[in-house]
Amino acid sequence: MERLAGIMYPRKIMKGSNLFWEGDKAEYIYYIKKGRLKMTKTSDEGSSFTLYLHHEGDLLGYGNVMTESVHFLGAEVTEDCELGVIQCKDLEVLLWQHGDFAVEFMRWQGTMHQLVQTKLRDLMMFGKPGALCSLLIRLNNSYGEPYQAYSRITVKLNNTELAEMIGATRESVNRMLSDMKKEGAVYTENGHLIIKDLAYLRGICHCENCPKHICRV
């Protein structure tokens, strides 16, 4: 991070703006100093899917930063952001100059690939209930905090937003959450999701207990 800090320049971007769009040339990677954003993909029919949520401390770059490529996802700012912007050309020089840094960067890229693979597994292998349970576990790992005897997800997400993150309809998410509430696994309070029975969610999505830096949104 010290070496990256030496080549990044600051940028502020307001809530509701787009940091980049699908198809834009991928010339930069970004370090989030403050704020949140979400990564989206648009289908041929015009539907929007939310694939990732990023927050303070995340480094993000979608596309091949070492070759000329384009962003295959869009980035929408959901909370005012302060960013560190890194030009890919400057990053490449840094990788050539410092072998130890190059190794750490390769590890980061490997982690990102593993994150993608596990999310695809959860979305495809165990149906929509499994995908929703996986999402709730990932949200809990990323934004959970102790609440009474349970865990509260600090980020408020409505059922439409949850549906966009698993490729489902709002109605199906309503139904699945209702079933989970009947089973005593979750409930909502003041717009926050409360996780009561994490083991129940893990059972539905056949959780493999991945490390939290992998099992996240």
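Criteria and cut-off values
- Residues numbered from 1 in each chain as written.
- Predicted model: local features only at pLDDT ≥ 70, side-chain atom pairs only at ≥ 80, totals over all residues.
- Heavy atoms only, no water.
- Axes fitted to C-alpha atoms, helices over the stretch in contact; angles between N-to-C directions.
- Helix = DSSP H or I, 4+ residues; strand = E, 2+ residues; numbered from the N terminus.
- Parallel < 35°, antiparallel > 145°, perpendicular 65-115°, else oblique.
- Contact = heavy atoms within 4.5 Å.
- Nonpolar A, V, L, I, M, F, W, Y, C, P; charged D, E, K, R; others polar.
- Polar contact = N/O pair within 3.5 Å; in protein donor to acceptor, adjacent residues only side chain to side chain.
- Buried < 20%, exposed > 50% of the residue type's maximum accessible area, 1.4 Å probe, protein only.
- Pairing = 2+ DSSP bridges.
- Salt bridge = Lys/Arg side-chain N within 4 Å of Asp/Glu carboxyl O.
- Phe/Tyr/Trp six-rings, centres within 6.5 Å; stacked < 30°, edge-to-face > 60°.

K.L.:
What is the right way to read the packing of helix α2 (residues 88-97) against helix α3 (residues 99-125) from this model?
P.N.:
Between two packed helices, the angle of one axis relative to the other and the distance separating the axes together describe the packing. Contact pair α2 / α3: the axes reach a minimum separation of 5 Å and the direction vectors enclose 120°. In this view, α2 runs oblique relative to α3, as classed from their interaxial angle. For the pair formed by α2 and α3, the contact residues are Leu 91, Leu 94, Leu 95 and Gln 97 on the first element and Gly 99, Phe 101, Ala 102 and Phe 105 on the second. Tallied by class, the residues present in the contact of α2 with α3 amount to 6 nonpolar, 2 polar and no charged.

K.L.:
Could you clarify how one ought to interpret the side chain of Asp 122 in this entry?
P.N.:
In this fold, Asp 122 is placed in helix α3. A polar contact of 2.6 Å, which involves the side chain of Asp 122, links it to the side chain of Ser 134. Apart from residues lying up to four places away in sequence, Asp 122 is in contact with Gly 127, Gly 130, Ala 131, Ser 134 and Arg 138.

K.L.:
How do you make sense of the pairing of strand β8 (residues 150-153) when you look at a structure like this?
P.N.:
Where a strand is regular, its side chains alternate between the two sheet faces. A one-sided burial pattern is seen for β8, the buried positions being Ser 151 and Ile 153 and the unburied ones Tyr 150 and Arg 152. Where strand β7 (residues 144-147) and β8 come together, 4 bridges link them in antiparallel fashion. Looking at the pairing, Gly 144 lines up with Ile 153 of β8. Between β7 and the antiparallel strand that follows it, β8, lie 2 residues; Gln 148 among them carries a positive phi value of about 55°. Bridge count for β8 against strand β10 (residues 192-195) is 2 bridges, and the pairing is antiparallel. Paired with Ser 151 across the bridge in β10 is Ile 195.

K.L.:
Got a minute to help me understand the pattern of salt bridges in this structure?
P.N.:
Oppositely charged side chains may form a pair once their charged atoms are brought near each other. The tally for this structure, following the rule as stated, stands at 10 salt bridges. Note that Arg 121 is salt-bridged to Glu 208, the shortest N-O span being 2.9 Å. Of the two residues, Arg 121 is situated in helix α3 and Glu 208 in the segment after α7 (198-204); the sequence distance between them amounts to 87 residues. A salt bridge links Arg 138 to Asp 122, with the nearest nitrogen and oxygen atoms 3.0 Å apart. Here Arg 138 is found in helix α4 (residues 127-143), whereas its partner Asp 122 is found in helix α3, with 16 residues between them in sequence. Asp 122 carries the same exposure label as Arg 138, and that label is buried. Sharing partners across several salt bridges, the network here consists of Arg 121, Asp 122, Arg 138 and Glu 208.

K.L.:
Even after reading the chapter, I still don't get the packing of aromatic side chains, so can you show me in this structure?
P.N.:
What characterises a pair of aromatic rings is the spacing of the ring centres plus the angle enclosed by the ring planes. Counted under the stated rule, the structure contains 5 aromatic pairs. Counting every residue linked through ring pairs, the aromatic cluster contains Phe 20, Tyr 28 and Tyr 30.

K.L.:
Can you help me understand unusual backbone geometry in this one?
P.N.:
Negative phi values dominate among residues other than glycine, just as trans dominates among peptide bonds. Even without glycine at this site, His 206 takes up a positive phi of about 50°. Looking at where His 206 falls in the secondary structure, it is placed in the segment after α7.

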